[in-house]
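Listed below are the residues making up each chain.
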Amino acid sequence: MPTKNQKKGREAARRVAEETFSTVPHTFVFQRGQIGRNVGQLVLDMRRVMEPFTARSLKVRKKNVLKDFVAVAGPLGITHFSIFTKTENSINMRLARLPKGPTLYFHVAKYALIKDVISSLKRHRMHEQQFSHHPLLVLNNFGIEGMHIKLMATMFQNMFPSINVHKLNLNSIKRCVLLNYDPVSQEVEFRHYSLKVVPVGMSRGVKKLMQEKFPNMSKLEDISELLMKGVNLSESEAEQDGDHNITELPQVYSGRGNMASQQSAVRLTEIGPRMTLQLVKIVEGMGEGKVLYHSFVSKTEEELQEILKRKEARLKEKEERKRKQEQNIALKKEKRDQNKKRSLEGIKRKRPQEGQVSDDEVEDPGIPEDQAPAEESEDEAEYYRQAVGEEPDQDMFPSAKRKRGPGKSPIPFKKRKLSPGKGPPHNKKSFKSPDRGSKDGRKRFGDRKPLEGRNRFRKSDGGKKFGQKGGKGSRFAGQKKRDAGKKFGGQKSFKGRAVMKRQKGAGGKKDLKHKKEKN
């Protein structure tokens with residue numbers, strides 16, 4: 001369980017780390033277009049060099065453009081782009097400073113991957129802890145006069161975090177990036193090294209004792225043989241150090257024997273990648289703008305002035321087109337507003353001509369005191385419209401207001417004219433009224449006298465069947481009475497189940513009466 005002081009220390013360290021992380025430069029390393037497998041591996045190796053202040057797993061799609069990377073660079077604190085491209089003849093690398101440039105174009109003359117460099121070494125030193133801190137940048141031969149040389153050196157310096165010599169912790173320096181400029185060939189050599197510090201001024205046997213792997217002393221009689229003679233040790237275990245790499249350590253460095261104020265040797269082991277770069281040109285903006293330097297094309301002052309004039313003319317044309325577009329947009333908006341205003345005025349003038357009072361002038365009479373609000377009738381009318389899809393009749397829901405469609409005229413509905421033989425809807429007889437069946441001399445269903453015997457199940461003699469033209473009992477023009485049950489070629493006509501049951505029951509009762517009469 002951490003104590004209060006430990007918690008405070010961790011919180012302070014986290015806050016300092018966040019502040020430090022936000023102030024150091026960050027770099028995106030990616031490719032544009034088809035580059036092939038080897039150049040793609042070179043991109044991944046360059047991301048390895050720029051760790052931890054880079055996007056190691058940055059995903060790039062074919063449809064992504066440079067504006068997409070610029071858009072996300074601001075929120076993420078990205079300060080530099082390293083872009084690799086490949087053509088039929090060469091491999092190129094661009095270094096760009098965000099957000100407004102400049103942009104340096106390099107031609108990659110030669111390169112070697114990390115796996116190629118490691119495979120050529122007998123022993124290499126590369127582990128994950130080395131990439132937890134940024135590398136130390138070393139520039140050589142960049143003091144030559146020339147605007148493009150100074151600009152190139154400044155670009156490389158700003159890509160890596162700056163260090164404070166008085167506050168620097170030596171244990172955070174595990175790697176080194178070396179950039180060497182050759183003024184004769186005008187090429188830049190890029191190298192990436194792993195850094196190791198070992199003590200000096202002692203025999204090989206003592207160095208072996210201080211290493212992690214203890215030597216095999218089974219064949220020795222005394223330890224003095226190991227310290228004095230250094231037997232059973234290969235020559236490759238003791239590297240030759242000299243004045244070029246021996247220094248006095250100001251701090252205690254990680255490793256056995258590396259004490260402060262003691263002599264130690266700094267050894268570099270190349271871990272790759274390796275590149276030979278040649279500067280092609282420098283552009284003022286982010287991928288576009290004025291060309292500040294070109295190694296292959298040289299122009300006179302008059303040509304430069306003419307280029308500037310053409311550029312200014314293009315900018316003026318662009319501003320003029322933009323101004324005209326804004327004016328056209330404003331005119332179209334004004335015309336649209338005028339057309340809308342005229343349309344509304346025409347609608348207002350048309351309503352009084354048709355005799356229709358506008359909705360604003362109509363007063364709401366309100367609901368009479370002795371009449372309840374017709375909410376239920378309106379709900380029923382709305383349900384009828386949704387279920388049937390038509391407007392209900394006026395007499396179906398008297399208290400419901402009739403809805404008007406969105407495209408229909410505001411003229412009120414006309415009253416429906418009734419035929420002369422029918423009375424008004426309110427004069428209709430109710431179903432339970434006693435005189436409902438006596439209208440026009442017709443008998444009600446309940447006034448008929450029940451039939452007795454066989455007559456109960458017979459049809460009336462006076463009625464005609466469908467299609468009867470001949471005699472009284474004929475059917476379909478001259479068929480015999482016994483064929484009345486057949487239809488179109490002798491097929492029996494279909495009867496419902498209820499009719500079949502009634503006939504079956506009637507036949508059973510008839511047979512029972514015949515038996516009783518015989519008895």
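Only a predicted model underlies this, so the values are computations on that prediction, with no experimental measurement involved.

Within the protein chain, the regular secondary structure consists of 10 helices and 13 strands. When burial is assessed residue by residue, the protein chain has 25% of its 519 residues classed as buried. Long-range contacts, defined here as pairs at least 24 residues apart, represent 60% of the contacts in the protein chain between residues at least 6 apart. A total of about 40000 Å² of accessible surface is found on the protein chain, and carbon and sulfur atoms cover 51% of it.

A few words on empty space enclosed by the protein. Across all of its chains, the model carries 4 cavities of 30 Å³ or more by this definition. By volume, the largest cavity is sized at about 80 Å³. As for the largest cavity, its lining consists of Met46, Met50, Ser82, Met93, Leu95, Phe156, Met159, Phe160, Leu179, Phe190, Met275 and Leu277. Put simply, the parts of the chain that give the lining of the largest cavity at least two residues each are helix H2 (37-50), strand E3 (91-97), helix H5 (147-159) and strand E10 (274-283). Taken together, the residues of the lining of the largest cavity break down into 11 nonpolar, 1 polar and no charged. Space inside the second largest cavity adds up to approximately 60 Å³. Every residue lining the second largest cavity is listed: Pro25, Thr27, Val49, Met50, Glu51, Pro52, Phe53, His134, Pro135, Met159, Phe160 and Pro161. Per-class residue counts for the lining of the second largest cavity are 9 nonpolar, 2 polar and 1 charged.

A word on a positive patch on the surface. Residues Lys67, Lys318, Arg321 and Lys322 make up a contiguous surface patch of positive charge. Of the residues forming the positive patch, the biggest block, 3 residues, is contributed by helix H8 (residues 301-353). Position of Lys318 among the secondary structure elements: in helix H8. Among the residues examined, Lys318 registers a relative accessible area of 55% and is labelled exposed.

A separate point is the confidence of the model for the protein chain. Scored by pLDDT, the protein chain comes out at a mean of 76, with 64% of its residues at no less than 70. Scored below 50 in pLDDT, residues 231-238 shows 14 contacts in the model against residues more than four places distant or in partner chains. Within the model, the stretch residues 458-491 combines pLDDT values under 50 with 15 contacts to residues more than four positions away or in other chains.

Moving on, we come to the pairing of strand E9 (residues 263-270). Pairing between strand E7 (residues 187-199) and E9: 7 bridges, direction antiparallel. Paired with Val197 across the two strands is Val266, which belongs to E9.

Attention shifts here to the nonpolar core. Counting 34 residues, the largest nonpolar core has Phe106, Phe142 and Met152 as its most contacted members. Counting residues per element, the ones that place at least two in this core are H2, E3, strand E4 (103-112), H5, strand E6 (175-182), E7 and E10. Those residues in contact with Phe106 that lie beyond four places of it in its chain are Ile91, Asn92, Met93, Leu95, Met152, Phe156, Leu277, Gln278, Leu279 and Val280. Counting residues in hydrophobic clusters, the runner-up holds 11 residues, among them Phe69, Ile78, Ile83 and Met286.

As a further point, take the pairing of E3. Working note: regular strand, side chains alternate between the two faces of the sheet. Among the 7 residues in E3, 5 count as buried, and that is most of the element. Direction of pairing for strand E2 (residues 80-86) relative to E3: antiparallel, over a ladder of 7 bridges. Bridging from a neighbouring strand, Ser82 pairs with Leu95 of E3. Count of turn residues in the E2/E3 antiparallel hairpin: 4 residues. Note: E3 against E4, 6 bridges, orientation antiparallel.

A few words now on the pattern of salt bridges. Within the structure shown, the criterion is met by 10 salt bridges. Among the salt bridges present, the one from Glu270 reaches Arg274, with a minimum N-O distance of 2.9 Å. The buried category is assigned to Glu270, whose relative accessible area is 13%. Here the salt bridges share partners, and the residues they tie into one network are Arg48, Glu51, Arg56 and Glu128.

Reading the values: rules and limits
Residues numbered from 1 in each chain as written. Predicted model: local features only at pLDDT ≥ 70, side-chain atom pairs only at ≥ 80, totals over all residues. Heavy atoms only, no water. Helix = DSSP H or I, 4+ residues; strand = E, 2+ residues; numbered from the N terminus. Buried < 20%, exposed > 50% of the residue type's maximum accessible area, 1.4 Å probe, protein only. Contact = heavy atoms within 4.5 Å. Areas by Shrake-Rupley, 256 points an atom, 1.4 Å probe, with all protein chains shown as cover. 1 Å grid on protein atoms, 1.4 Å probe; cavity = no way out; pocket = protein on both sides within 12 Å on 5 of 7 lines; lining within 4 Å. Points joined across faces, edges and corners; volume = space filled by probe spheres on them. Nonpolar A, V, L, I, M, F, W, Y, C, P; charged D, E, K, R; others polar. Patch = residues over 30% accessible without salt bridge, like charges linked within 9 Å, V, L, I, M, F, W, Y side chains within 5 Å. Salt bridge = Lys/Arg side-chain N within 4 Å of Asp/Glu carboxyl O. Lys, Arg positive; Asp, Glu negative; His and termini not counted. Charge placed at Lys NZ, Arg CZ, Asp CG, Glu CD. pLDDT = per-residue confidence, 0-100. Pairing = 2+ DSSP bridges. Core = buried A, V, L, I, M, F, W, Y, C linked by side-chain atoms within 4.5 Å.

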